[in-house]
Amino acid sequence: MGCVGSTPAEGDGNVKKIRKPKPWKHPQPITKSQFVQIREEFWDTAPHYGGSKGVIVQNADLTICYDERGAKYELPKYVLSEPTNLIQDS
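The structure reproduced in this document is the subject of the present report. The structure presented is a predicted model; accordingly, all values stated were derived computationally and were not measured. (Residues numbered from 1 in each chain as written. Predicted model: local features only at pLDDT ≥ 70, side-chain atom pairs only at ≥ 80, totals over all residues. Heavy atoms only, no water.)

### Details of the sheet that holds strand 2 (residues 55-57)
Thought 1: Pairing in this open sheet of three strands is antiparallel, and the strands run 2-3-4 from one edge to the other. Two strands in the sheet have a free side with no partner beyond their single neighbour: strand 2 and strand 4 (72-74). The mean inter-strand angle of the sheet, taken between neighbouring strand axes irrespective of direction, is 30°. (Pairing = 2+ DSSP bridges. Helix = DSSP H or I, 4+ residues; strand = E, 2+ residues; numbered from the N terminus. Axes fitted to C-alpha atoms, helices over the stretch in contact; angles between N-to-C directions.)

Laid out in structure tokens, this is it:
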């Protein structure tokens, strides 16, 4: 148990329910395309920090995770959800 695609084993009583992250506001209104660029930059650089594929979720809102080697990852809000002050591209 622990990988994103895994399923709980029979008798695994330590199953956590995932919840939607709390709404948040970007310091200044940004467009959808600007937001996508910020998110893509995060994922483009993530492998360079030594991350691995097996993930163990610590918090129900996915903000704190560990990989199979025990390295801790604190995911920023913008990776998990969109801000409430997102504006439409013109």
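### What about the packing of aromatic side chains?
Thought 1: Applying the stated criterion to the full structure yields two aromatic pairs.
Thought 2: Seen in terms of ring centroids, Phe42 and Trp43 are 4.9 Å apart; in terms of plane orientation they differ by 80°. Their pairing is edge-to-face.
Thought 3: Ring centres of Phe42 and Tyr78 lie 6.1 Å apart, and the angle between their planes is 85°; on these two criteria the pair is classed as edge-to-face. One end of the pair, Phe42, is in helix 1 (residues 32-45); the other, Tyr78, is in helix 2 (residues 77-80), with 36 residues separating them in the sequence.
Thought 4: By relative accessible area, which is 25% here, Tyr78 ends up partly exposed.
Thought 5: A network of ring pairs unites the aromatic residues Phe42, Trp43 and Tyr78 as a single cluster. (Phe/Tyr/Trp six-rings, centres within 6.5 Å; stacked < 30°, edge-to-face > 60°. Buried < 20%, exposed > 50% of the residue type's maximum accessible area, 1.4 Å probe, protein only.)

### Section: unusual backbone geometry
Thought 1: The phi dihedral of Leu62 is positive, around 70°, even though this residue is not glycine.
Thought 2: Structurally, Leu62 can be placed in the loop between strand 2 and strand 3 (64-67).
Thought 3: Judged by its relative accessible area of 27%, Leu62 is partly exposed.

### Re the pairing of strand 3
Thought 1: Relative to strand 3, strand 2 runs antiparallel, the two being bridged by three bridges. Bridged to Ile56 within strand 3 is Tyr66.
Thought 2: The loop that links strand 2 with its antiparallel partner strand 3 comprises six residues; one of these, Leu62, has a positive phi angle of about 70°.
Thought 3: Bridge analysis of strand 3 against strand 4 gives three bridges, and the strand direction is antiparallel.

### Notes on the environment of Glu82
Thought 1: Along the chain, the position of Glu82 falls in the loop between helix 2 and strand 5 (86-87).
Thought 2: Separated by 46 residues in sequence, Glu82 and Val36 have C-alpha atoms that sit 9.4 Å apart.
Thought 3: Contact partners of Glu82, with chain neighbours within four places excluded, come to Trp24, Lys32, Phe35 and Arg39.
Thought 4: Separated by 2.2 Å, the side chains of Glu82 and Lys32 make a polar contact. (Contact = heavy atoms within 4.5 Å. Polar contact = N/O pair within 3.5 Å; in protein donor to acceptor, adjacent residues only side chain to side chain.)

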